[in-house]
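Next come the chains, spelled out residue by residue.
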Amino acid sequence: MKSKKKLLLLIIFVAIQTNLFSQKKIPNLTLTSISGEPIQIANKLPKNKIIILSFWATWCIPCINELDAISEVYPDWQEETNVELIAISIDDSRTLKRVKPMVNGKGWDYKIWLDKNQELKRALNISLVPYTLIVKNNKILHKSSGYTPGDEDKFLRLVKKISKQ
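Residues numbered from 1 in each chain as written. Predicted model: local features only at pLDDT ≥ 70, side-chain atom pairs only at ≥ 80, totals over all residues. Heavy atoms only, no water.

**A short note on the nonpolar core**
One recurring pattern in soluble globular proteins is that nonpolar side chains are buried together.
Move 1: Formed by 45 residues in total, the largest nonpolar core has its most connected members in Ile26, Leu53, Phe55, Trp56, Tyr110, Ile112 and Leu133.
Move 2: Elements with a minimum of two residues in this core: strand 3 (50-56), helix 3 (61-81), strand 4 (84-89), helix 4 (99-106), strand 5 (111-114), strand 6 (131-136) and helix 6 (151-164).
Move 3: Ignoring anything within four residues of it in the chain, the contact list for Tyr110 reads Leu67, Ile70, Ser71, Tyr74, Leu85 and Ala87. (Core = buried A, V, L, I, M, F, W, Y, C linked by side-chain atoms within 4.5 Å. Buried < 20%, exposed > 50% of the residue type's maximum accessible area, 1.4 Å probe, protein only. Helix = DSSP H or I, 4+ residues; strand = E, 2+ residues; numbered from the N terminus. Contact = heavy atoms within 4.5 Å.)

This is the structure in structure tokens:
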């Protein structure tokens, strides 16, 4: 019984710490576009528009599954809610060269940004991918990690709810 209490307290402690130290806003860092241009995040996230930021990597099968699933419904999302998805690759120097061919082969109709040095990933305290944020006016309104088929429906419901607020 004592070990269960200790485990519960540890879980609560970690949850509180994660919440205390997690960002509430998107930090203004510089990423790179897939074509190599620098992107100042704060200047590129449209104001008064809901944006989904999906952190992914070429070596992450759940990430690719999530982006593929969203790709199938993305035109409907845009028509219904005007939401925009930006896929942010956290690939490092060893796997970065795979990003452009993968994106071109998949035909994803998203903006693709590169977090080459994983500065944004670290600033947001992201430990696992896929990691998805729903953002409006640079404020983080929702966070989720991992991917389960059907999550794309959950994201659409959240975007619709946020757009009514």
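**A look at the state of the cysteines**
Formally, a disulfide is one covalent bond, and it connects the sulfur atom of one cysteine to the sulfur atom of another.
Move 1: Following the criterion strictly, the structure yields one disulfide and no others.
Move 2: Bridging Cys60 to Cys63, the disulfide has an S-S length of 2.2 Å. Judged by the sign of its S-S torsion, about 80 degrees, the bond between Cys60 and Cys63 is right-handed. Across the pair, Cys63 and Cys60 agree in class, each one buried. (Disulfide = S-S within 2.5 Å.)

**Overview of the sheet that holds strand 6**
Move 1: Taking strand neighbours across the sheet as the criterion, the seven strands line up as 2-1-5-4-3-6-7 in an open arrangement whose pairing is mixed. Of all strands in the sheet, those with a lone pairing partner are strand 2 (38-40) and strand 7 (139-145), marking the two edges. Averaged over all neighbouring strand pairs, the angle between strand axes comes to 30 degrees, with direction disregarded.
Move 2: Relative to strand 5, strand 1 (residues 30-33) is paired through two bridges, and the arrangement is antiparallel. (Pairing = 2+ DSSP bridges. Axes fitted to C-alpha atoms, helices over the stretch in contact; angles between N-to-C directions.)

**Description of the pattern of salt bridges**
Move 1: The full count for this structure, using the stated rule, is five salt bridges.
Move 2: Here Lys106 ties to Asp68 by a salt bridge, and the two come within 2.9 Å at their closest N and O atoms. Of this pair, Lys106 sits in helix 4 while Asp68 sits in helix 3, and the two are 38 residues apart along the sequence.
Move 3: We classify Lys106 as partly exposed; its relative accessible area is 36%.
Move 4: Residue class for Asp68 comes out partly exposed when judged on its relative accessible area of 23%.
Move 5: The shortest N-O distance in the salt bridge between Glu80 and Lys160 comes to 2.6 Å. With Glu80 in helix 3 and Lys160 in helix 6, the pair connects residues that are 80 residues apart, well separated along the chain.
Move 6: By relative accessible area, which is 48% here, Glu80 ends up partly exposed.
Move 7: Residues participating in the shared-partner salt-bridge network are Lys49, Glu84 and Lys111. (Salt bridge = Lys/Arg side-chain N within 4 Å of Asp/Glu carboxyl O.)

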